[in-house]
Amino acid sequence: MPIEAGWLSGARRVPSPNRDARPEGEVSLLVLHSISLPPGQFGGEHIERLFTNRLDPEAHPYFAAIADLRVSAHLLIRRDGECVQFVPFEARAWHAGRSHWCDEGWPRTALNDFSIGIELEGDDITPYTLAQYRALAATTAALLTTYPALTGRRITSHARVAPLRKSDPGPAFDWAYFRQLLGSQCWKDYAVRGEKWT
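Residues numbered from 1 in each chain as written. Predicted model: local features only at pLDDT ≥ 70, side-chain atom pairs only at ≥ 80, totals over all residues. Heavy atoms only, no water.

As annotated in an unreviewed UniProt entry, the chain carries the name 1,6-anhydro-N-acetylmuramyl-L-alanine amidase AmpD and is attributed to Halomonas kalidii. Per UniProt, the chain carries the Sequence similarities (unreviewed entry) text "Belongs to the N-acetylmuramoyl-L-alanine amidase 2 family." Checking UniProt for the chain, the heading Subcellular location (unreviewed entry) contains the comment "Cytoplasm". (UniProt positions renumbered as here; feature names shortened; annotations may be inferred.)

Here it is in structure tokens:
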């Protein structure tokens, strides 16, 4: 799955207006999320509508509170493994919100400036699909090849960078299986340091 000009080959493009330029052009962190709209329901066009500012607040009671949000992610991986890209990786998507990251011992905020956000269609409790893990591993491998500052140590969860606000992708996400699919070369430098990769 090569990446060309910030776009993942084979991904369906649904450009989001909710993006801007990265201040320094840095790409050095991957943040994994989960999303389902309405919560706990999969399929449909609601996620794409949210990320493109077209969510109908009357389509579901939950949507009234979120329809005016201006958010996006770089990529959505649906339950069947389809990849939908909203923002090129070289641009800043609006996915991490208030969050922080300890980067080689240095605290950092404004994570959207240097991170890539990938949403998995799911929730904290429903197991993710094999197709999703395979698509995520293939995408991650392409990102690691394309962006040298991104390493196995720089893959984390929304829960870890915003622990008081977020829990995704949740305990349903199998980090060990994801690492296995990626292969040892992608995360051995992380494991050697004795750090927990979540």
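Student: Could you give me a rundown of unusual backbone geometry, with the residues and numbers involved?
Tutor: At the junction of Leu37 and Pro38, the peptide bond is cis and its omega measures out at -10° in the coordinates. Tracing the chain through its elements places Pro38 in the loop between strand E5 (29–35) and helix H1 (46–51). Cis peptide bonds are those with omega within 30 degrees of zero, and the linkage from Asp168 to Pro169 qualifies with 5°. Here Pro169 shows up in the loop between helix H3 (158–161) and helix H4 (175–182). With a phi angle near 60°, Asn53 is a residue other than glycine that sits in the positive phi range. Counting through the fold element by element, Asn53 comes out in the loop between H1 and strand E6 (75–77). (Helix = DSSP H or I, 4+ residues; strand = E, 2+ residues; numbered from the N terminus.)

Student: I'd like to hear about the sheet that holds strand E3 (residues 12–13), residue by residue, with values.
Tutor: The 6 strands are arranged E3-E7-E6-E11-E5-E12 in an open sheet whose pairing can be described as mixed. Taken across any chain shown, the strands that pair with only one partner, and hence form the sheet edges, are E3 and strand E12 (155–157). Two elements, E3 and strand E7 (residues 83–85), share 2 bridges in a ladder whose sense is parallel. Considered in E7, the bridge of Arg12 is made with Val84. (Pairing = 2+ DSSP bridges.)

Student: With reference to specific residues and values, describe the side chain of His158.
Tutor: Within the fold, His158 resides in helix H3. At a separation of 3.0 Å, a polar atom in the side chain of His158 contacts the side chain of His33. Polar side-chain contacts of His158 include one of 3.2 Å to the backbone oxygen of Ala96. With residues near it in sequence (within four places) discarded, His158 still touches Val31, Leu32, His33, His95, Ala96, Arg165, Lys166, Asp168 and Pro169. (Polar contact = N/O pair within 3.5 Å; in protein donor to acceptor, adjacent residues only side chain to side chain. Contact = heavy atoms within 4.5 Å.)

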